[in-house]
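Here is what each chain is made of, one letter per residue.
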Amino acid sequence: MLKQKTVKDKVKISGVGLHTGKNVEINILPALPNTGIQFKRIDISQDNIVIPSVFNVINANLCTTISNESGVKVSTIEHLMAALFGLGIDNALIEMNNQEAPILDGSSKVFMEKIKKIGLYESNVPIKIISINKKIIFEDGDKFISIEPSKTNLLIDFEIKYQNSFIGNQRNIVDVYNSELSEIFNSRTFCLYEDVKKLQSMGFALGGTLENAIVVKDNGVLNKEGLRNKNEFVNHKILDCIGDLFLSGYKVIGKIQCSQGGHKLTNELLRKLYSDKSNFSLHEIKEKTLSNTLIDKVSLRSIA
């Protein structure tokens, strides 16, 4: 049975925030079924719980920032959220002693390795999924993102278009629940060399180094080790998309198509999706596997 999971014990991770440049320590703690993912700012004494949900996103420029009603913020959560999604973790309390999650190596790789080392605990409570009932599109100029029904899986079809000839145009299509996704979760964040000083003057990338980001200059990268895979640029965008989709609160069954998107477009799509309850359905899984057993079989119990 696909049951809700949490971490078996405390997972301690420390590092620097990509944009703030400040050191941060986080503890990923076990949580009860149906409590979801919660962030707790332990450097703040009151009103310090922040829920990663679609409508709590207050800024999606270069990273995903969430806030509670008291204005307590947690930022750059997308790589950690993608790691939790990829490992099938439904419930966890994440303590942080600063605003921004650690960037680590710029991907979800280190998060996943450290969580796997501690292990997972499986409850007796079935997971819940959200299925898409109709096609939803959000457009911003020549950028767009859409989601439409899919019977059994989450497909992400993503393309990027850069004037830089080394990045150029890249496209990848992944079947999230039926594929080995190590290249997705290992792909690092990136930027152009000529943008670094501009970003830093705006208060971004203050903690960025060649240890936690790919820097592209002219027809190559400044990182000595090169790229981890040939599609690392678009694969990182897919990683971001997975992390941001998890702010829906559920595993998603649908087909995503995106061109030149990012955090903002994914959040706008989810807001549009949730604006009308007829756009989606929530289900509780009563099957052994997620792939090839879902919407077209009688293994679902509608919960909304």
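Below or above, wherever it landed, is the structure these notes cover. (Residues numbered from 1 in each chain as written. Predicted model: local features only at pLDDT ≥ 70, side-chain atom pairs only at ≥ 80, totals over all residues. Heavy atoms only, no water.)

1. What about the nonpolar core?
In globular proteins that are soluble, nonpolar side chains generally tend to be buried together.
Alright, step 1. Membership of the largest hydrophobic core comes to 78 residues, with the highest contact counts inside it found for Ile28, Phe39 and Ile156.
Alright, step 2. Ranked by residue count, the leading element in this core is helix α5 (residues 232–245), at 7 residues.
Alright, step 3. Other than its neighbours up to four places away in sequence, Phe39 contacts Asn48, Ile49, Val50, Pro52, Ile66, Val74, Ile77, Leu80, Met81, Ile94 and Met96. (Core = buried A, V, L, I, M, F, W, Y, C linked by side-chain atoms within 4.5 Å. Buried < 20%, exposed > 50% of the residue type's maximum accessible area, 1.4 Å probe, protein only. Helix = DSSP H or I, 4+ residues; strand = E, 2+ residues; numbered from the N terminus. Contact = heavy atoms within 4.5 Å.)

2. Considerations on the sheet that holds strand β5 (residues 49–50)
Alright, step 1. Sheet architecture is open: 5 strands sit in the order β2-β3-β9-β4-β5, paired in mixed fashion. Because the sheet does not close on itself, it has two edges, and the strands there are β2 (11–16) and β5.
Alright, step 2. Pairing of β2 with strand β3 (residues 23–29), which is carried by 6 bridges, proceeds in the antiparallel orientation. Bridging from a neighbouring strand, Ser14 pairs with Glu25 of β3.
Alright, step 3. Sheet strands in contact with helix α1 (residues 78–86) are β3, β4 (37–41) and β9 (92–96), and its direction is about 145° off that of β4.
Alright, step 4. On the sheet, helix α2 (residues 109–118) packs against β2 and β3 and is oriented at approximately 160° with respect to β2. (Pairing = 2+ DSSP bridges. Axes fitted to C-alpha atoms, helices over the stretch in contact; angles between N-to-C directions.)

3. A look at the packing of α1 against α2
Alright, step 1. Close contact between α1 and α2 brings their axes to 8 Å; oriented N to C, the two are set at 45°. If you check the angle between α1 and α2, you find them oblique. The two elements α1 and α2 cross, and the hand of that crossing is right-handed. The segment α1 lies against α2, with His79, Leu80, Ala83, Leu84 and Gly86 engaging Phe111, Met112 and Ile115. (Parallel < 35°, antiparallel > 145°, perpendicular 65-115°, else oblique. Left-handed = near helix turned anticlockwise from the far one by under 90°.)

Read these as layout, nothing more, since geometry by itself doesn't imply function.
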